[in-house]
Amino acid sequence: MAIHMEYVFAPEPPVSLPMHQSSQRFPVRRIYCVGRNYADHALEMGGDPREEPPFFFTKPANAIVSDGLAAKYPSRTQNLHHEIELVLAIGQGGANIPVADAWNHVFGFAVGLDLTRRDLQNAAKKTGRPWDTSKAFDQSAPISELHTLQQTGRIESGRIWLEVNGELRQQGDINQLIWSIPEVIAELSTLFTLAAGDLIFTGTPAGVAAIQRGDVLAGGIEGIAELQVEIV
């Protein structure tokens, strides 16, 4: 028998991503992010290129901004930074996933931007406080449409880049990841039970820098997709 459920107010609609060449949408459960997963970016941020083990932070699912839309410049910052990233979509969950089995859990890929309040992040680092206010704010996760693993094959290399107002800011290759896609999935699954609908931002190459209202960010990953967003 169906159970009728009443809410004190209407819940928000579920967050989802459009899929390439499909009318279906990918429902988003959680967003995980890997910190400093390119050696050149780790060095520019003053870190160790191979920290043991990789570390993670999160963003809320409703921080997503779809490709082609505008993202609002957030409050309480004077130093908003761009970080272009490969995003994994999980299609099969699990805990303590072996590295050798990790690809079986990948549903597909997208291009994402991890927008960061760098001044708040730097202040948090100095006091040993969490990064939530610098990473998990509203509209901090622009993401492109999703391409399935069947469409792209395993993404283990390929150019990743970002332009701001037509000027190249970030450029690297997916093969420069410190922690590979299987290693990231395996490690994360020891900390959280992954589930279908989870997204994983895998880290950004060097070249992160400040952006302003009115800037147009355009980037992409070879073999996957491109992403464009205006900061307003």
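Our subject is the structure listed above.
Owing to the predicted nature of the structure, the values given are computational and were not obtained by experimental measurement.

As a further point, take the pairing of strand β17 (residues 225-231). Of the two faces of β17, only one is covered, namely that formed by Ala-225, Leu-227, Val-229 and Ile-231; the face formed by Glu-226, Gln-228 and Glu-230 stays uncovered. Examined bridge by bridge, strand β6 (residues 70-71) and β17 share two bridges and lie parallel to one another. Pairing of Ala-70 across the sheet is with Glu-230, part of β17. Across six bridges, the pairing between strand β16 (residues 216-221) and β17 is antiparallel. Paired with Gly-219 across the bridge in β17 is Leu-227. Taking the residues that link successive antiparallel strands as the turn, the β16-β17 hairpin has three residues, and the phi of Gly-223 there is positive, at about 85°.

Below, the discussion takes up the nonpolar core. Formed by 44 residues in total, the largest nonpolar core has its most connected members in Leu-86, Phe-109, Leu-115, Ile-181, Ile-185 and Leu-217. When contributions to this core are tallied by element, the ones reaching two or more residues are β3 (31-34), β8 (84-90), β9 (106-113), β13 (159-164), α5 (181-191), β16 and β17. Filtering out sequence-adjacent residues up to four positions away, Leu-86 remains in contact with Phe-109, Ala-110, Ile-155, Ile-160, Ile-174, Ile-181, Ile-200, Phe-201, Thr-202, Gly-203, Ile-221 and Ile-224. Within the second largest apolar cluster, 20 residues are counted, among which are Leu-17, Val-28, Cys-33 and Ile-64.

Our next topic: the sheet that holds strand β14 (residues 167-173). Strand order in this open sheet of five strands is β6-β17-β16-β13-β14, and the pairing throughout is mixed. The sheet terminates laterally at β6 and β14, the two strands that pair on one side only. Two strands pair when backbone bridges link them, and β13 and β16 are joined in this way by five bridges, in the antiparallel orientation. Along β16, the bridge assignment pairs Ile-160 with Ile-221.

Attention now goes to the side chain of Thr-116. The residue Thr-116 is located in strand β10 (residues 116-117) in this model. Only 3.3 Å separates the side chain of Thr-116 from the backbone oxygen of Asp-114, close enough to count as a polar contact. Not counting residues within four places of it along the chain, the set of residues in contact with Thr-116 comprises Asn-79, Leu-80, His-81, Glu-83, Gln-121, Ser-134, Lys-135 and Phe-137.

Taken residue by residue, helix α2 (residues 118-127) has Arg-118, Gln-121 and Ala-124 as its buried positions. Down the axis of α2, the sector holding all buried residues measures 120°, keeping them to one side. Two residues or fewer past α2, Gly-128 is found with a positive phi of approximately 70°.

What counts and how
Residues numbered from 1 in each chain as written. Predicted model: local features only at pLDDT ≥ 70, side-chain atom pairs only at ≥ 80, totals over all residues. Heavy atoms only, no water. Buried < 20%, exposed > 50% of the residue type's maximum accessible area, 1.4 Å probe, protein only. Helix = DSSP H or I, 4+ residues; strand = E, 2+ residues; numbered from the N terminus. Pairing = 2+ DSSP bridges. Core = buried A, V, L, I, M, F, W, Y, C linked by side-chain atoms within 4.5 Å. Contact = heavy atoms within 4.5 Å. Polar contact = N/O pair within 3.5 Å; in protein donor to acceptor, adjacent residues only side chain to side chain. Arc of directions from axis to C-beta.

So yeah, pure geometry; function would need other evidence.
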